[in-house]
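Each chain, letter by letter, is given below.
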There are 2 protein chains.
Amino acid sequence: MSAVADPLPSWNEGAAKTAILDFVRKTTDATNPDFVREEDRIATFDQDGTLWVEHPFYAQLAFALQRLAGLAPEHPEWQSTEPYKSALAGDMAAFAKFTMNDLEQLVAATHAGMTTGEFQTIVADWIGKAKHPRWDRPYTDLVYQPMLEVMQYLRASRYTVYIVTGGGQAFVRAYARQVYGSQPEEVIGSSLAAQFGYDANGKAVLMRPPKLLLYDDSSGKPQDIYLFLGRPPRAAFGNSTGDQQMLEYTQSGGGARLMALVLHDDDKREYAYGPDSAQTDTKFGAFTQALYDEAKANNWIIVSIKRDWKRIFPFER
Amino acid sequence: MSAVADPLPSWNEGAAKTAILDFVRKTTDATNPDFVREEDRIATFDQDGTLWVEHPFYAQLAFALQRLAGLAPEHPEWQSTEPYKSALAGDMAAFAKFTMNDLEQLVAATHAGMTTGEFQTIVADWIGKAKHPRWDRPYTDLVYQPMLEVMQYLRASRYTVYIVTGGGQAFVRAYARQVYGSQPEEVIGSSLAAQFGYDANGKAVLMRPPKLLLYDDSSGKPQDIYLFLGRPPRAAFGNSTGDQQMLEYTQSGGGARLMALVLHDDDKREYAYGPDSAQTDTKFGAFTQALYDEAKANNWIIVSIKRDWKRIFPFER
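A brief structural summary. (Residues numbered from 1 in each chain as written. Chains lettered and ligands numbered in written order. Predicted model: local features only at pLDDT ≥ 70, side-chain atom pairs only at ≥ 80, totals over all residues. Heavy atoms only, no water.)

Another point: the sheet that holds strand E8 (residues 212–214) of chain B. All names here are of chain B. Strand order in this open sheet of 7 strands is E8-E5-E4-E1-E9-E10-E11, and the pairing throughout is mixed. Each edge of the open sheet carries a strand with a single partner, namely E8 and strand E11 (301–304). The average undirected angle you get between the axes of adjacent strands in this sheet is 20°. Two elements, strand E5 (residues 187–192) and E8, share 2 bridges in a ladder whose sense is antiparallel. Bridging across to E8, Ser191 finds its partner in Leu214. (Pairing = 2+ DSSP bridges. Helix = DSSP H or I, 4+ residues; strand = E, 2+ residues; numbered from the N terminus. Axes fitted to C-alpha atoms, helices over the stretch in contact; angles between N-to-C directions.)

Each copy of the sequence occupies a distinct position, and chain B is placed on chain A by a rotation of 180° and an axial shift of 0.0 Å, giving an RMSD of 0.0 Å. Accordingly, the operation relating the two chain copies is best matched by a two-fold axis. In terms of C-alpha distance to the rotation axis, chain B has Phe228(B) as its closest residue, with the C-alpha 3.4 Å off the axis. (Least-squares fit on C-alpha atoms with pLDDT ≥ 70 in both.)

All names here are of chain A. Overall, mixed pairing links the 7 strands, which are arranged E8-E5-E4-E1-E9-E10-E11 in an open sheet. Since the sheet does not close on itself, it has two edges, and those belong to strand E8 (212–214) and strand E11 (301–304), each with one partner. This sheet shows a mean twist of 20° between the axes of neighbouring strands, independent of strand direction. Note that strand E4 (residues 160–168) and strand E5 (residues 187–192) share 4 bridges and pair parallel.

Turning our eyes to something else, we now look at the side chain of Asp46(A). All names here are of chain A. Of note, Asp46 is situated in the loop between strand E1 (42–45) and helix H2 (59–71). Among the polar contacts made by the side chain of Asp46, one reaches the side chain of Thr50 at a distance of 2.8 Å. Leaving out residues up to four positions away in the same chain, Asp46 has contacts with Leu51, Val164, Thr165, Lys221, Phe237, Gly238, Asn239, Asp243 and Met246. (Polar contact = N/O pair within 3.5 Å; in protein donor to acceptor, adjacent residues only side chain to side chain. Contact = heavy atoms within 4.5 Å.)

Using the criterion set out here, one finds 39 aromatic pairs over all chains in the structure. Look at Tyr144(A) and Trp309(A): their rings are 5.2 Å apart centre to centre, the planes differ by 50°, and that puts the pair in the tilted class. Of this pair, Tyr144(A) sits in the loop between strand E3 (137–138) and helix H7 (145–156) while Trp309(A) is found in the segment after helix H12 (305–308), placing the two residues 165 residues apart along the sequence. Accessibility expressed as a relative area gives 1% for Trp309(A), which makes it buried. Seen in terms of ring centroids, Trp126(B) and Tyr139(B) are 5.6 Å apart; in terms of plane orientation they differ by 20°. Their pairing is stacked. Of this pair, Trp126(B) sits in helix H6 (residues 116–129) while Tyr139(B) sits in the loop between strand E3 (137–138) and helix H7 (145–156), placing them 13 residues apart in sequence. Note on Tyr139(B): relative accessible area 4%, which makes it buried. Chaining the aromatic ring pairs together yields one cluster made of Trp11(A), Trp135(A), Tyr144(A), Tyr271(A), Trp309(A), Phe313(A) and Phe315(A). Arg137(A) extends its terminal NZ or CZ atom over the ring of Phe315(A), reaching a point 3.8 Å from the ring centre. Of note, Arg134(B) hangs over the ring of Tyr271(B), and the distance from its end group to the ring centre comes to 4.9 Å. (Phe/Tyr/Trp six-rings, centres within 6.5 Å; stacked < 30°, edge-to-face > 60°. Buried < 20%, exposed > 50% of the residue type's maximum accessible area, 1.4 Å probe, protein only. Lys NZ or Arg CZ within 6 Å of the ring centre and 35° of its normal.)

Next up, the structure:
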């Protein structure tokens, strides 16, 4: 770190930081046997819990519940029909028990029925105003500075960086340029099947019907990476069982590969919900003991927020 | 064209060439009101009939029929079951009447049931050996030199160029790097739903089950462009009703946009199957009179192979 500026200044020295630096150095050094051509330098990042805070609930869930409340006056039947009733009541215990079908109904009610352009405006308006309850700051402030540095370091090293999220692709794309510097084509996520048609003036338009096309979590991640990119990434970052298959797919490519998991073990500065914690609901993924054991057995990097991150958020100076 | 080298040397001077040059110049000139930022410089190209020869049948159809014949000894029941029977007999009259369901069965028999890596090898082996019946040359020799020049000119002008094909995405990706210089993520096409799993050694692997996920033709083109790229392209090139909606979507974005259709009107040097011809089967798209009228009404560029292309194939010197 002497003469050259440290590309990861928010990271403490340690095994995780060293592994990231070593990986990038060897894959970008044409004299190294692990050199990777620029066109194959692909890195993928999970979003929730990997690039920004996902507790006590996903930003997109807050969006869905607030939008549901806003639409409720037009749907009096929701007051007595599940899953709307519990969702409107903010009944988190009931929410934890929602099935995938319940969640799809909530997505249909809040994320569908408009044009793609209208949805983008709805999300952009919301994300500009909504605040995280703990920090009372925009969700977009709660990105992890150390991970932004990794994204930037990879891009400066001619890697193309993709977000691969179980969250909604159109939702994340609405703010990804501003927050991550990620273009729309660099965001892969769960998607409704857009439907082509024409507006009243005969102009081409894409609608959002309530029909799920891609569910980009767990096995969906490698499947969608293959669909979009045609090959495994060289580096992949996640934080839960929802990312397990993405990391396994990354490793399956052989040669120099970087697999990393963010471990949430800092209940003071952020949250602690790793294998030692009481979190048992794996509906949306969790860092389970089994995942920890798999990571260790395969030499995946475990990034401890407590030990490895000097600073967590950009606003902490 | 004086001091600066002509980026489109295989094009005759005329309205089509001028329109392409003007579009690129104004969208890349920071002082022009039609300037487009580099991150939004997206161009999409249909493949069959736009980038390479599609007559008398698609290369991918030749692949499917030859692979079907190779697999037939393991499937004696195909000799007496449709659509396999007609396909194996090379009965083009019967083939012209195949339904989408028939075609899906042929795709299932020839394009599914192996890993993604195995399929890539199968296609690469085939494309390296197969020859077009008229020219007795590899299909990959039958790309249009003028269109390769447009792709190259756009790339040199910091456009990202995508192939958006009704053909199979994995099929086209298997040779797109070599033939078009297109990376896998720059090929959007019809796709089976890859399925994540593990091989006998516990290694992550993606299988190709016989399940269609994306049918990337007609309305599927703008839908998939939105899925992959999140916004309309700035320029789009096609040649048939299968590209109509892609061009309409491109135009819907407003501002400086380039919509172009290749008209096959040269039966001596290639084929003639435009609005004046006897081609009436629009199953896979055709250049109909209605499309011609829409193009004229919207100032889309019509590229006449006969008039606009000085040279058609790279091997013609």
